[in-house]
Amino acid sequence: MNDLPNVVGVPVRFPRWSRARWGRATLAGLYVVVLAAAVPQAGGHGKDRSWSSEQAKRFWGPSDASDGTASGGTASGGTAPGGTTSGAPASDDAADLDARSEAQRITGSARHFGGVPSVGVLFYTGEDMKSHHCTASVVHSPKGNLLVTAGHCSIGTDAAFVPDYQQGAKEQPYGVWTVDRTFVDPRRTDTGEGSDLDFAFATVRPDAKGRQIEQVTGANRLARTPGFVNRVTVIGYPSADDDPADEAIRCTALTSKLESHNQLKMRCDGFFSGTSGSPWLVHFNEKTRSGDLVGVLGGLNGGGPDGDRSAQVSYSPVNDDEIFRLYVDAINNREPQR
């Protein structure tokens, strides 16, 4: 990972997003809030008013696992909002089970694949899609218009999201969606304790048919990280500068604790710049192509160590109360105050 020029005398390091667009992204981060939509009915609430944290907990289901995982984990086999089934096989078909077993093997390095509808690239409007600078994914929400990514991606109101991005396609399979508003914890920093808060949400506008993005792509389920040791499927989009194939990559890896931080780490080669914000999924279902999101690629130093290992080792903040507080801010369309 290379250091960028000093900004106000401080060296800035972002190993997992496009360094060439650092200056523009900094300005884009100073977004203007213009959205004023009411909180919609969804998830069994049916009340047109702001949500409390307690209501959000009920919306997402029990916070304690019933299968022996750490407190706050996801109970195996439970049904997540939006119809995603956590952990339970989609069917008993032997071929499906073999495919899932193959996909869950520890790979050690990322491989290219065709992508999934709920994961895509972020780029700035006015620039080529090939200039995508971060990865984001659709996460289930009451209104169905919410993305999650890394906080350091600094997506502003001049950004767009392309789910299941296909390089060179005349038309993208799930369209192009305009980012409306971004929500970042104001305490987030690149190093120290603030790097444990390196996650962000963004709302996107409906398409020309009036549909919300979740209606088109489906969504992953935001879940508490059940512990530091997890088998995760990580999906991202390296920048074309680092990976000329300009395709989605995926890796299955075991996570562990990043020393001195409330963060996960994994070893998997191939996560170059552009993969910041990549979802870390457990219970990934090959049939629905979705899972429970327990982290996003980011954290200390923008998501990885300095030096030659920057594309081989990746970090993610733990999903704890703080990300759910930010989630509540996002679905209530309010500026985070901490």
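Keep in mind it's a predicted model, so treat the numbers as computed, not measured.

## Considering helix α5 (residues 321-331)
In an α-helix there are 3.6 residues to a turn, and that puts residues three or four apart on one side.
For step 1, the next point in the chain: Burial analysis of α5 places 9 of its 11 residues in the buried class, the great majority of the element.
For step 2, the next point in the chain: Between a side-chain oxygen at the N-terminus of α5 and the backbone nitrogen of E322 the separation is 3.0 Å; the capping residue is D320.
For step 3, the next point in the chain: Downstream of α5 by one or two residues, N333 has phi in the positive range, about 55°.

## A short note on the pattern of salt bridges
For step 1, the next point in the chain: Summed over all chains, the structure comprises 13 salt bridges.
For step 2, the next point in the chain: E335 is paired through a salt bridge with R181; the nearest N and O atoms lie 3.1 Å apart. Here E335 is found in the segment after α5, whereas its partner R181 is found in strand β6 (residues 177-184), with 154 residues between them in sequence.
For step 3, the next point in the chain: According to the relative accessible area criterion, E335 is partly exposed, its value standing at 36%.
For step 4, the next point in the chain: With its nearest N and O atoms 3.3 Å apart, the salt bridge here joins E322 to R325. Highlighted residues: E322 and R325, both in helix α5, separated by 3 residues, approximately one helical turn.

## A look at the packing of aromatic side chains
For step 1, the next point in the chain: Tallied over the entire structure, the rule returns 2 aromatic pairs.
For step 2, the next point in the chain: Plain terms: the ring middles of F201 and Y327 are 5.9 Å apart, the flat faces sit at 70° to each other, and that makes the pair edge-to-face. Of the two residues, F201 is situated in strand β7 (residues 200-204) and Y327 in helix α5; the sequence distance between them amounts to 126 residues.
For step 3, the next point in the chain: What makes F201 buried here is its relative accessible area of 0%.
For step 4, the next point in the chain: Geometry around F113 places R250 over its ring, the cationic atom sitting 5.3 Å from the centre.
For step 5, the next point in the chain: Over the face of the ring belonging to F228 we find K257, whose NZ or CZ atom lies 5.2 Å from the ring centre.

## Thoughts on the state of the cysteines
For step 1, the next point in the chain: Applying the stated criterion across every chain yields a total of 2 disulfides.
For step 2, the next point in the chain: A disulfide bridge connects C134 with C153, and the sulfur atoms are separated by 2.0 Å. Between C134 and C153, the disulfide has an S-S torsion of -90° and is therefore left-handed. In this pair, C134 is assigned in strand β3 (residues 134-138) and C153 in the loop between β4 (146-149) and β5 (159-163), connecting sequence segments 19 residues apart.
For step 3, the next point in the chain: With a relative accessible area of 0%, C134 lands in the buried category.
For step 4, the next point in the chain: According to the relative accessible area criterion, C153 is buried, its value standing at 0%.
For step 5, the next point in the chain: The disulfide partner of C251 is C268, and the S-S distance across this bridge is 1.9 Å. An S-S torsion of about 115° defines the bridge between C251 and C268 as right-handed.

## Describing the pairing of β3
For step 1, the next point in the chain: Within β3, 5 of the 5 residues are buried, leaving the element largely enclosed by the surrounding structure.
For step 2, the next point in the chain: Residues C134, A136 and V138 point to one face of β3 and T135 and S137 to the other, with burial holding for every one of them.
For step 3, the next point in the chain: Here β3 pairs with β4 via 2 bridges, running antiparallel. Bridging across to β4, V138 finds its partner in L147.

## Brief notes about the environment of F228
For step 1, the next point in the chain: Residue position: F228 is located in the loop between β8 (221-222) and β9 (231-236).
For step 2, the next point in the chain: Here the alpha-carbon distance between F228 and L254, two residues 26 residues apart in the chain, equals 9.3 Å.
For step 3, the next point in the chain: Excluding anything up to four places from it in sequence, F228 contacts T255, S256, K257, N262, Q263, L264 and V318.

## Some remarks on the side chain of D185
For step 1, the next point in the chain: Inspection of the secondary structure puts D185 in the loop between β6 and β7.
For step 2, the next point in the chain: If we skip the residues at most four places from it in the chain, D185 touches L197, E322, L326 and R338.

## Remarks on the sheet that holds β3
For step 1, the next point in the chain: On the basis of which strands lie adjacent, the closed barrel formed by 6 strands has the order β2-β3-β4-β7-β6-β5 and antiparallel pairing. Across the sheet, the mean angle separating the axes of adjacent strands is 40° when strand polarity is ignored.
For step 2, the next point in the chain: Pairing between strand β2 (residues 119-124) and β5: 5 bridges, direction antiparallel. The residue bridging Y124 from the neighbouring strand is A159, located in β5.
For step 3, the next point in the chain: Against the sheet, α5 touches β4, β6 and β7, its axis set at about 20° to β7.

What counts and how
- Position labels on residues start from 1 in each chain and follow its written sequence.
- Residue-level local features of this predicted model are given only where pLDDT is at least 70; pairs of side-chain atoms are given and counted only at 80 or more, and the full residue set underlies all totals for whole chains, interfaces and linings.
- As a rule here, side-chain values come from all non-hydrogen atoms in the structure, and water together with hydrogens is ignored.
- Residue burial is assigned from relative accessible area. The probe radius is 1.4 Å, only protein chains are included, and a residue is buried under 20% of its type maximum, exposed over 50%, and partly exposed in between.
- Only DSSP runs of H or I covering at least 4 residues are called helices, and only runs of E covering at least 2 are called strands; the numbering of each starts at the N terminus.
- For this analysis, a polar contact is any N or O atom pair within 3.5 Å, provided that within protein one partner can donate a hydrogen and the other can accept it, and provided that sequence-adjacent residues contribute only side-chain to side-chain pairs.
- A pair is scored as a salt bridge if a Lys or Arg side-chain nitrogen falls within 4 Å of a carboxyl oxygen belonging to Asp or Glu.
- When the centres of two rings from Phe, Tyr and Trp lie within 6.5 Å, Trp using its six-membered ring, the rings pair. Their planes under 30 degrees apart give stacked, over 60 give edge-to-face, and anything left gives tilted.
- Throughout this description, the term charge over a ring refers to an Arg CZ or Lys NZ atom that lies within 6 Å of the ring centre and within 35 degrees of the ring normal.
- Note on terminology: disulfide denotes any pair of cysteine sulfur atoms within 2.5 Å.
- For two strands to be treated as a pair, DSSP must find no fewer than two bridges joining them.
- Contacts are assigned to residue pairs with any non-hydrogen atoms lying within 4.5 Å of each other.
- Note on geometry: axes are lines fitted to C-alpha atoms, helical ones only across the stretch in contact, with angles between N-to-C directions running from 0 to 180 degrees.

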